[in-house]
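Residue strings, one per chain:
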Amino acid sequence: MLRDRILAGGLFGLGLAVVGGFAIMQTVSSSPALAAEDGPGPNLVIEVAGEANGTIVIDLLPEVAPKHAERLVALAEGGEYDNVVFHRVIAGFMAQTGDVQFGKAGGDTGNAGMGGSSLPDLPAEFSDVSFERGVVGMARSQNPNSANSQFFIMFAPAPHLNGQYTVVGQVIEGMDVVDSIKRGKKTANGSVSDPDRIVKVSVER
């Protein structure tokens, strides 16, 4: 059965996301942000094309979410993320991608956001790391243990996501590229027409 693996339990409206009854807006969090510097990695190097053109480097955090970091590395090394679109992008919130099942550019992406990979879903690895600008989280359905391949990059802090979604990494290069990713329609749950895409993802250890 298809499950829409999105943020906020599947509810978006007018640019706001609802999590447990709370609206996520561009608010300033008092929680400490991760330093945007290269840690022990591994790093994902993501080449992006479309309205955004350039490279995004994500420092994965296996010490925070070992199973999720391992999954992203495995899919990247297998070429699974190549040519996958940023199917849901909400201004002031986040850019979501990684649907290797339904999100390949050049095909029918009408179900993008509802798929995963051929690998099993992952158990939640929630942590006390805050969702700040540049933080990378794993998308899931309402089941906390349903993250698989999709991930999202934060444009701005979203403290209401803290402890509800698995943090798996931090952008250390290319936030200007992230900021340029084509936005979706507020009235269409952030769905993007003719979306930007990942050209290729490589892993640096």
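Residues numbered from 1 in each chain as written. Predicted model: local features only at pLDDT ≥ 70, side-chain atom pairs only at ≥ 80, totals over all residues. Heavy atoms only, no water.

## A few points about the sheet that holds strand β8 (residues 135-138)
Item 1. Ordered in space as β6-β7-β9-β8-β10-β5-β4-β11, the eight strands form an open sheet in which the pairing is antiparallel. Here the strands that pair on one side only, and so sit at the sheet edges, are β6 (88-90) and β11 (197-204). Geometrically, the sheet is characterised by an average inter-axis angle of 25 degrees between neighbouring strands, direction not taken into account.
Item 2. Pairing of strand β7 (residues 94-97) with strand β9 (residues 151-154) involves four bridges; the strand directions are antiparallel. Note that in β9 the partner of Met 94 across the bridge is Met 154.
Item 3. Strand contacts of helix α1 (residues 66-77): β4 (43-49), β5 (54-60), β8, β9, β10 (167-173) and β11, with the helix running at about 115 degrees to β11, the strand carrying the most contacts. (Pairing = 2+ DSSP bridges. Helix = DSSP H or I, 4+ residues; strand = E, 2+ residues; numbered from the N terminus. Axes fitted to C-alpha atoms, helices over the stretch in contact; angles between N-to-C directions. Contact = heavy atoms within 4.5 Å.)

## Things to note about the packing of aromatic side chains
Item 1. One pass over the full model with this rule turns up three aromatic pairs.
Item 2. Between the aromatic rings of Tyr 81 and Phe 151, the centroid separation amounts to 5.5 Å while the plane-to-plane angle is 90 degrees, which identifies the pairing as edge-to-face. One end of the pair, Tyr 81, is in the loop between α1 and β6; the other, Phe 151, is in strand β9, with 70 residues separating them in the sequence.
Item 3. Relative to Tyr 165, the ring of Phe 152 lies with its centre 6.2 Å away and its plane at 85 degrees, an arrangement referred to as edge-to-face. On the criterion of sequence distance, the pair formed by Phe 152 in strand β9 and Tyr 165 in the loop between β9 and β10 is long-range, its members being 13 residues apart.
Item 4. One aromatic cluster is present, formed by Phe 131, Phe 152 and Tyr 165 through successive ring pairs.
Item 5. Cation over ring: Arg 140 sits above Tyr 165, and NZ or CZ is 4.2 Å from the ring centre. (Phe/Tyr/Trp six-rings, centres within 6.5 Å; stacked < 30°, edge-to-face > 60°. Lys NZ or Arg CZ within 6 Å of the ring centre and 35° of its normal.)

## Topic: a negative patch on the surface
Item 1. On the surface, a cluster of negative charge is contributed by Glu 37, Asp 38, Glu 173 and Glu 204.
Item 2. Accessibility expressed as a relative area gives 44% for Glu 204, which makes it partly exposed. (Patch = residues over 30% accessible without salt bridge, like charges linked within 9 Å, V, L, I, M, F, W, Y side chains within 5 Å. Areas by Shrake-Rupley, 256 points an atom, 1.4 Å probe, with all protein chains shown as cover. Salt bridge = Lys/Arg side-chain N within 4 Å of Asp/Glu carboxyl O. Lys, Arg positive; Asp, Glu negative; His and termini not counted. Charge placed at Lys NZ, Arg CZ, Asp CG, Glu CD. Buried < 20%, exposed > 50% of the residue type's maximum accessible area, 1.4 Å probe, protein only.)

## Structural notes on the nonpolar core
Item 1. Counting residues in hydrophobic clusters, the biggest one holds 33 residues, and the most contacted among them are Ile 46, Ile 56, Ile 58 and Phe 151.
Item 2. At the level of elements, β4, β5, α1, β8, β9, β10, α2 (175-180) and β11 are the ones that each hand at least two residues to this core.
Item 3. Counting 14 residues, the second-largest nonpolar core is a separate cluster that includes Phe 131, Ala 158, Tyr 165 and Val 167. (Core = buried A, V, L, I, M, F, W, Y, C linked by side-chain atoms within 4.5 Å.)

## Here we look at the confidence of the model for the protein
Item 1. The predicted model of the protein averages 86 in pLDDT, with 82% of residues at 70 or higher.
Item 2. In the model, residues 8-35 has pLDDT below 50 throughout and makes 57 contacts with residues more than four positions away in sequence or in other chains. (pLDDT = per-residue confidence, 0-100.)

## Here's the deal with the side chain of Gln 150
Item 1. With respect to the helices, strands and loops of the structure, Gln 150 is situated in the loop between β8 and β9.
Item 2. Gln 150 sits in the buried class, given a relative accessible area of 0%.
Item 3. Separated by 2.8 Å, the side chain of Gln 150 and the backbone oxygen of Gly 115 make a polar contact. (Polar contact = N/O pair within 3.5 Å; in protein donor to acceptor, adjacent residues only side chain to side chain.)

## Details of the layout of surface pockets
Item 1. Approximately 150 Å³ is the volume found for the largest pocket.
Item 2. Of the residues in the lining of the largest pocket, the class split is six nonpolar, six polar and one charged. (1 Å grid on protein atoms, 1.4 Å probe; cavity = no way out; pocket = protein on both sides within 12 Å on 5 of 7 lines; lining within 4 Å. Points joined across faces, edges and corners; volume = space filled by probe spheres on them. Nonpolar A, V, L, I, M, F, W, Y, C, P; charged D, E, K, R; others polar.)

## Considering the pattern of salt bridges
Item 1. This structure, assessed with the given rule, holds three salt bridges.
Item 2. Across the salt bridge formed by Lys 200 and Asp 82, the nearest N and O atoms sit 3.9 Å from each other. In this pair, Lys 200 is assigned in strand β11 and Asp 82 in the loop between α1 and β6, connecting sequence segments 118 residues apart.
Item 3. According to the relative accessible area criterion, Lys 200 is partly exposed, its value standing at 40%.
Item 4. Residue Asp 179 is joined to Arg 133 by a salt bridge in which the shortest nitrogen-to-oxygen separation is 2.8 Å. Here Arg 133 lies in the loop between β7 and β8 and Asp 179 lies in helix α2, a separation of 46 residues in the sequence.
Item 5. Classification of Arg 133 by relative accessible area gives partly exposed; the value is 40%.

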